[in-house]
Amino acid sequence: MKKIMICILCFAATRSFGQVKLGIMGGATTANLWQTDGYSGLGTGLSSWPITGYHGGVEAEIDLNSLGLMIETSLSYYQYGSHLANSLGFLPGPNNSTIDYSETNLKINTLRLPINLMYKYSITDKWKVFAGFGPYIAKTLSGTEKGYYKGFIQNPDGSYNVIYGGIDNKAQISSGFSYAPGGTTKLASFDIGANVLFGVQYKKFKFAFNYNRGFTQVYRNKYANTGNFAWSYTVSYMIFGHDKKAPL
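Residues numbered from 1 in each chain as written. Predicted model: local features only at pLDDT ≥ 70, side-chain atom pairs only at ≥ 80, totals over all residues. Heavy atoms only, no water.

**Points about empty space enclosed by the protein**
The full count for this structure, using the stated rule, is one cavity of 30 Å³ or more. Of the volumes computed, that of the largest cavity is approximately 220 Å³. If you go around the largest cavity, you meet 20 residues; those closest to its centre are Met 25, Glu 72, Ser 74, Asn 210 and Thr 234. Only strand E3 (51-63), strand E4 (69-92), strand E5 (98-122), strand E10 (190-202), strand E11 (205-214) and strand E13 (224-240) provide two or more residues apiece to the lining of the largest cavity. Ranked by residues supplied to the lining of the largest cavity, first place goes to E4 with five residues. Per-class residue counts for the lining of the largest cavity are six nonpolar, 10 polar and four charged. (1 Å grid on protein atoms, 1.4 Å probe; cavity = no way out; pocket = protein on both sides within 12 Å on 5 of 7 lines; lining within 4 Å. Points joined across faces, edges and corners; volume = space filled by probe spheres on them. Helix = DSSP H or I, 4+ residues; strand = E, 2+ residues; numbered from the N terminus. Nonpolar A, V, L, I, M, F, W, Y, C, P; charged D, E, K, R; others polar.)

**Re the layout of surface pockets**
When its volume is computed, the second largest pocket comes out at roughly 160 Å³. Every residue lining the second largest pocket is counted, 17 residues in all, and those nearest its centre are Asn 86, Leu 88, Ser 178, Tyr 179 and Asn 221. Among the elements of the structure, E4 and E5 are those that each provide at least two residues to the lining of the second largest pocket. Broken down by element, the lining of the second largest pocket gets its largest block of residues, four residues, from E4. Taken together, the residues that form the lining of the second largest pocket break down as 10 nonpolar, five polar and two charged.

**Details of the confidence of the model for the protein**
Atomic detail in the predicted coordinates should be set aside for any region of low pLDDT. Mean pLDDT for the protein: 87, with 88% of residues reaching 70 or above. In the model of the protein, helix H1 (residues 2-18) stands out as the element of lowest mean pLDDT, 42, in contrast to strand E9 (residues 186-187), which has the highest, 98. Confidence over residues 1-18 falls short of pLDDT 50; this stretch has one contact with residues more than four positions distant or in other chains. (pLDDT = per-residue confidence, 0-100. Contact = heavy atoms within 4.5 Å.)

The following block contains the structure:
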């Protein structure tokens, strides 16, 4: 009896493995940060522009049935962030100076895991189209914020000298406020959000477009709370496994 049970389990495992496709993936990301007011009713004074990041890792598809429905997931190194210009509201700076403006590039490096419910439709034996949606979670690994600040020092005669200084911060994985000119950049430990994707597949190559938006406030300063949103452009190559054929 024990031998029969072992044979059944081995057969089931083999059948399950045949329904799983594994591959490698990578590509570019156009990333930015959404923002909300840190003080209710007051503007953030924060402007942002997209930056280009990158991602790469491993990918898996698990067939749920023979009609094209499947679970898609991946584990990837994923970079996002933003180009930030911040009107700081005349905060204290070094050497009796006052800082009123900074401009930086914020880059956030994460380990990202999405789980998508996906539908794939065969146009021909070689060409397929697909679309899906689902949640993701990303663990912050590291980050940098680099740029400059501008401020002024008041002279004894009442005149002002404009000053500039460099910003080159290594991010702390911590809650709390960031103050880039003061050398403090803090990032949330996790980013949780949702994403939608669509694309085409040719044989074992997949070309996907993915939009994701985080729900987590990943970067905060005195005036603004911000979180992730980004477009990803991904190329995948499925090394193991194959799509199920629809029943005749």
